[in-house]
Amino acid sequence: MDFADLVSVPERLTTPEFVLRPLVAADVELDYEAVMASREQLRPWEQTGWPADDFTLEDDLADVEGLERGHRDGRRFTYTVLTPDESECLGCVYFMPGDARSYTTAEITPLAGNQWDRVRGTVSFWVRSSRLDDGLDRRLVAAVLRWIADDWGLHDLVTMTNEEVPQQVALLELVGLRPVFRVQLPGQSGAYLAYA
């Protein structure tokens, strides 16, 4: 079953401060600039060393095309976060099914008596580093959580971050979420925390 069969997938979210819409190959230059400007915070979040210092526009295009394909095929959904005039990328939001391949090899520890097989989906996000001090990440999370509740029809969703990204951990707790799973992927130093 495709992830799209479990949810009602909205086309976009528009607020006075930002727009979320599906990431497409035509966005690569905006995406690349935001990724490289935020690489120091993305590396512990991603846990793979991505993006490397020598990451190129062509490398990013391959990534973006894969994410666009996954969105189009209903396997996962990636939204770029843009300024209202769509002239600057502010980050990305990712929705994945709870049974995504990356979780099948993970060691998943319940922290609140929950069972991972009840998790229907995960959401994760990043905001460009230059916008962290003005609290854009907090406003984005609040908007995305409302969007999920109002438009996605998705229950049993968890919000993911890595324990090595203390700003996101603190933010998720600030908005009232609590860790319900610890997800350790093979070969990674930091575990992901799933919040609900």
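Below: a short report on this structure.

Rules used throughout
- Residues numbered from 1 in each chain as written.
- Predicted model: local features only at pLDDT ≥ 70, side-chain atom pairs only at ≥ 80, totals over all residues.
- Heavy atoms only, no water.
- Helix = DSSP H or I, 4+ residues; strand = E, 2+ residues; numbered from the N terminus.
- Buried < 20%, exposed > 50% of the residue type's maximum accessible area, 1.4 Å probe, protein only.
- Axes fitted to C-alpha atoms, helices over the stretch in contact; angles between N-to-C directions.
- Parallel < 35°, antiparallel > 145°, perpendicular 65-115°, else oblique.
- Left-handed = near helix turned anticlockwise from the far one by under 90°.
- Contact = heavy atoms within 4.5 Å.
- Nonpolar A, V, L, I, M, F, W, Y, C, P; charged D, E, K, R; others polar.
- 1 Å grid on protein atoms, 1.4 Å probe; cavity = no way out; pocket = protein on both sides within 12 Å on 5 of 7 lines; lining within 4 Å.
- Points joined across faces, edges and corners; volume = space filled by probe spheres on them.
- Pairing = 2+ DSSP bridges.

As for the environment of V165
Part 1 of the reasoning: Structurally, the position occupied by V165 is in the loop between strand 7 (157-162) and helix 6 (166-174).
Part 2 of the reasoning: On the accessibility criterion, V165 (9% relative accessible area) is buried.
Part 3 of the reasoning: Considering only alpha carbons, one finds V165 and G190, 25 residues apart in sequence, at a separation of 9.2 Å.

What about the packing of helix 5 (residues 136-152) against helix 6?
Part 1 of the reasoning: Relative orientation of the contacting elements helix 5 and helix 6 amounts to 50°, with a least axis distance of 10 Å. Compared by their axis directions, helix 5 and helix 6 come out oblique. In this structure, helix 5 crosses over helix 6, and the sense of that crossing is right-handed. Of the residues in helix 6, those in contact with D137, R138 and V141 of helix 5 are Q167, L171, L172 and L174.
Part 2 of the reasoning: Among the residues making up the contact of helix 5 with helix 6, the classes are represented as 4 nonpolar, 1 polar and 2 charged.

Overview of the layout of surface pockets
Part 1 of the reasoning: The volume enclosed by the largest pocket comes to roughly 1200 Å³.
Part 2 of the reasoning: Around the largest pocket, the lining is made up of 40 residues, and of these R76, M96, A100, S102 and Y103 lie nearest the centre.
Part 3 of the reasoning: Sorting the residues of the lining of the largest pocket by element identifies helix 1 (28-37), helix 2 (39-46), helix 3 (57-73), strand 4 (89-97), helix 4 (101-104), strand 6 (121-127) and strand 7 as the ones contributing at least two each.
Part 4 of the reasoning: Broken down by class, the residue content of the lining of the largest pocket amounts to 21 nonpolar, 8 polar and 11 charged.

Quick look at the environment of T15
Part 1 of the reasoning: Within the secondary structure, T15 sits in the loop between strand 1 (13-14) and strand 2 (19-22).
Part 2 of the reasoning: Measuring from C-alpha to C-alpha, the distance between T15 and A52 comes to 32 Å, with 37 residues separating the pair along the chain.
Part 3 of the reasoning: If near-sequence neighbours (up to four positions away) are discounted, T15 is found in contact with P84 and A143.

Let's talk about unusual backbone geometry
Part 1 of the reasoning: A cis amide bond links W50 to the next residue, P51, at an omega of -10°.
Part 2 of the reasoning: Following the sequence through the fold, P51 ends up in the loop between helix 2 and helix 3.
Part 3 of the reasoning: One non-glycine residue with positive phi stands out, namely Q47, at about 65°.
Part 4 of the reasoning: Notably, E86 is not glycine yet its phi reads approximately 60°, a positive angle.

What about the sheet that holds strand 1?
Part 1 of the reasoning: The mixed open sheet is built from 9 strands, whose spatial order is 1-2-3-4-6-7-9-8-5. Pairing within the sheet leaves two strands with one partner each, and these edge strands are strand 1 and strand 5 (107-110).
Part 2 of the reasoning: Alignment of strand 3 (residues 77-82) against strand 4, held across 6 bridges, turns out to be antiparallel. In the sheet register, L82 faces strand 4, and the bridge partner there is C89.
Part 3 of the reasoning: Seen against the sheet, helix 2 touches strand 4, strand 6, strand 7 and strand 9 (192-195) and runs at an angle of roughly 160° to strand 6.
Part 4 of the reasoning: Running over the sheet, helix 5 touches strand 1, strand 2, strand 3, strand 4, strand 6 and strand 7 and is turned about 150° from strand 6.

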